[in-house]
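Residue strings, one per chain:
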Amino acid sequence: MPTHQPPVVRVSHLSKHFGAHAVVQDVSFELAAGETLVLLGPSGCGKTTLLKMLNRLVEPDGGTVEINGRDILAQRPELLRRGIGYVIQQVGLLPHYTVAENIAVVPRLLGHAPAAIADRTEALLTRLHLPPARYAGQLPHQLSGGQQQRVGLARALAADPPIVLLDEPFGALDPLTRASIRREFRELEELRSKTIVLVTHDVTEAFELADRILLLDAGQPQQLGTPRELLFRPANEFVRRFFAAERLALQLRTLTLADVFVETSHWNMADTNRRDSDNLNSQITVNEALERLTSADTALPSFPFTVAQLMAAFGEALQREEDAWKR
Ligand SMILES: Nc1ncnc2c1ncn2[C@@H]1O[C@H](COP(=O)(O)OP(=O)(O)OP(=O)(O)O)[C@@H](O)[C@H]1O
C-alpha cells in the first residue's frame, strides 16, 4: 500500500443511532486507492448502515467521512453518489428497463454521449460473460439470479467510478454459483484499480476478497486488519470465536506455498523442477494447491511435492505462526 498518497476514503469516529439503539459506534478507518475493505460481522451488527453512511444514504450522528480529502457533507448527495458505484443486496434492477438501459442509467445522468454509453455497455457485458448480442435487450426477469447480480455490478461500474460499494453482492445465490461468481469477480480487470468496500456475513467470502477486514460486533469495531492478522493475531475473544468454526479452512486459504515451504527444502525442490513458472506460483494458497493435487484434471500442471509433503509443511507453518505469537 503506498503510504505517500492521501487516503481515498477516510472515516473518522463515525456513529449512528436509531432511537436509543447505537447501530454504529466510533468506527474509523482509511482506505488507499485500489484497496478492498470487507465489512464483516453477524447479522444486524451495522454493516449496511456503515456502508450507507459512505454515500449519504444514511446520515451519521457523529464523525466524518472524507473522500479524496473532502468531507462528503460538503457535497450534494446525488452528485456524490454518481461518483460512487453501489450494488445493493437485492440487486434492484429496474424491471421495465432492458439490461442495456439499466446499465446506462448513471452514464446518462452524467450526460455521457450515447455512442460512448453503448460501447461501454457492450464492453462490460462481454467482460462479465453476458454476450451483449444475447443479453443487452433482455429484461431483468428473463435472467437468472447470478446474471442479474452481474448486471447489477455492470451498472455500478458503468460510469467507471473510482470507488465501489457492494452490499452482499452475491447474497441471492446458491453456494456453488456464489463461489464461481466470486472467482470471476476477483479476476475482473475492471475492479483491480478500484477502491472497494464490500459487506458480507460470509467468512470465506471475506477471506477470498479482502485486502483488509473490519470485523464488527453490535456496531463496535472488533479488529481491522488483513485476513491473516485476524486469523493468527485475533485482537480479542470475539474475533477468535468468530473464526473458530472455519479456522482450518481459513488457514488453508490464507497461507501460500511461499509461507509453508519457507524453511524446508521442499520449495527449493519445487523451484528447480519448475516447468511452468506462471502456473507454479509461490503465491497460490495451500487450498488451491490441494485442489490441484487432488483434481482428476490431468491438464493442470503438477507439483513436485505430494499431498502428504504439503500437509506436513502446512503443519510446520502453523506451528511457526503459533510460536511467533507466543514470543
Ligand atoms: N432505518 C432504520 N431504522 C431503525 N433501525 C434500523 C434502520 N436500519 C437499520 N436498523 C437497525 O440497525 C441494526 C443494524 O442494521 P444493518 O442493516 O446495518 O445491519 P447488518 O449488519 O447490515 O445486517 P444484515 O447482515 O442482516 O444485513 C439492526 O438492528 C437494524 O434493525
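In this text the structure is predicted, and so the values were computed from the model without any measurement. (Residues numbered from 1 in each chain as written. Predicted model: local features only at pLDDT ≥ 70, side-chain atom pairs only at ≥ 80, totals over all residues. Heavy atoms only, no water.)

A separate point is the pairing of strand β1 (residues 9-18). Note that β1 and strand β2 (residues 21-31) share 7 bridges and pair antiparallel. The partner of Val9 across the bridge, within β2, is Leu31. Hairpin connection from β1 to β2: 2 residues lie between these consecutive antiparallel strands, with Gly19 at a positive phi of about 60 degrees. (Pairing = 2+ DSSP bridges. Helix = DSSP H or I, 4+ residues; strand = E, 2+ residues; numbered from the N terminus.)

The local shell around the ligand consists of Phe18, His21, Val23, Pro42, Ser43, Gly44, Cys45, Gly46, Lys47, Thr48, Thr49 and Gln89. Taking Ser43, its side chain carries an N or O atom lying 2.6 Å from an oxygen atom of the ligand. Here an oxygen atom of the ligand and a backbone polar atom of Gly44 are 2.8 Å apart. When the ligand sits alone it has 640 Å² of accessible area, and the protein chains cover 59% of it. Mapped by element, the contributors of at least two residues to the shell around the ligand are β2 and α1 (47-52). By residue number, the principal contributor to the shell around the ligand is α1, which donates 3 residues. Residues belonging to the shell around the ligand are distributed by class as follows: 4 nonpolar, 7 polar and 1 charged. (Near = heavy atom within 4 Å. Polar contact = N/O pair within 3.5 Å; in protein donor to acceptor, adjacent residues only side chain to side chain. Areas by Shrake-Rupley, 256 points an atom, 1.4 Å probe, with all protein chains shown as cover. Nonpolar A, V, L, I, M, F, W, Y, C, P; charged D, E, K, R; others polar.)

Let us now look at the pairing of strand β10 (residues 220-225). Sheet topology note: the strand β9 (residues 212-217)/β10 ladder contains 5 bridges and is antiparallel. Opposite Leu215, over in β10, you have Gln223 as the bridge partner. Taken together, β9 and the strand that follows it, β10, pair antiparallel across an intervening segment of 2 residues, in which Ala218 is found at a positive phi of about 45 degrees.

Partitioning the protein into structural domains gives domain 1 (9-245) and domain 2 (255-325). Domain 1 and domain 2 are separated by 33 Å when their C-alpha centres are compared. Opposite the 4 residues of domain 1 that make contact, domain 2 presents 6 residues. Of all residues in domain 1, Arg228, Phe232 and Arg233 give up the largest surface area on contact with domain 2, accounting jointly for 88% of the area buried on that side. (Domains from an automatic or database assignment. Contact = heavy atoms within 4.5 Å. Buried area = accessible area lost by both parts, 1.4 Å probe.)

Before going further, it helps to examine the sheet that holds β10. Taken in spatial order, the 6 strands of this open sheet run β6-β7-β8-β3-β9-β10, and their pairing is mixed. Among the strands making up the open sheet, the edge pair consists of β6 (84-87) and β10. Across the sheet, the mean angle separating the axes of adjacent strands is 15 degrees when strand polarity is ignored. Relative to strand β7 (residues 163-167), β6 runs parallel, the two being bridged by 4 bridges. The partner of Tyr86 across the bridge, within β7, is Leu165. (Axes fitted to C-alpha atoms, helices over the stretch in contact; angles between N-to-C directions.)

The next subject is the packing of helix α3 (residues 99-109) against helix α6 (residues 145-157). With their axes 7 Å apart at the nearest point, α3 and α6 run at an angle of 30 degrees to one another. As summarised for this structure, α3 and α6 are arranged roughly parallel, according to the angle between their axes. Seen along the crossing, α3 lies across α6 with a hand that is right-handed. Two secondary-structure elements touch here, α3 through Val99, Asn102 and Ile103 and α6 through Val151, Ala154 and Arg155. Of the residues that constitute the contact of α3 with α6, the class distribution is 4 nonpolar, 1 polar and 1 charged. (Parallel < 35°, antiparallel > 145°, perpendicular 65-115°, else oblique. Left-handed = near helix turned anticlockwise from the far one by under 90°.)

Moving on, we get to the pattern of salt bridges. Under the definition given, this model contains 15 salt bridges. The partner of Lys194 in a salt bridge is Asp160, and the shortest N-O contact between them spans 2.4 Å. Taken together, the residues Lys194 in the loop between α8 (189-192) and β8 (195-200) and Asp160 in the loop between α6 and β7 connect sequence positions 34 residues apart. Overall, Lys194 belongs to the buried group, its relative accessible area being 4%. According to the relative accessible area criterion, Asp160 is partly exposed, its value standing at 44%. Between Arg233 and Glu321 there is a salt bridge, with its nearest N and O atoms 3.5 Å apart. One end of the pair, Arg233, is in the loop between α10 (227-232) and α11 (237-244); the other, Glu321, is in helix α16 (residues 307-326), with 88 residues separating them in the sequence. Residue class for Glu321 comes out buried when judged on its relative accessible area of 15%. Look at the salt bridges and you will find they share partners, linking Arg182, Glu205, Glu208 and Arg253 into a network. (Salt bridge = Lys/Arg side-chain N within 4 Å of Asp/Glu carboxyl O. Buried < 20%, exposed > 50% of the residue type's maximum accessible area, 1.4 Å probe, protein only.)

In this section: α16. The α-helix winds at 3.6 residues per turn, so residues separated by three or four positions along the chain end up facing the same way. Counted at 1.5 Å a residue, the expected span for α16 with its 20 residues is 28 Å, and the 29 Å between its end C-alpha atoms agrees. Restricting attention to buried positions, one finds in α16 the residues Leu310, Ala313, Phe314, Ala317, Leu318 and Glu321. Looking down the long axis of α16, one finds its buried residues gathered within 145 degrees of arc, a one-sided arrangement. Opposite the packed face of α16, turned more than 90 degrees from it, sit the exposed residues Ala308 and Lys326. (Expected span 1.5 Å × (residues − 1). Arc of directions from axis to C-beta.)

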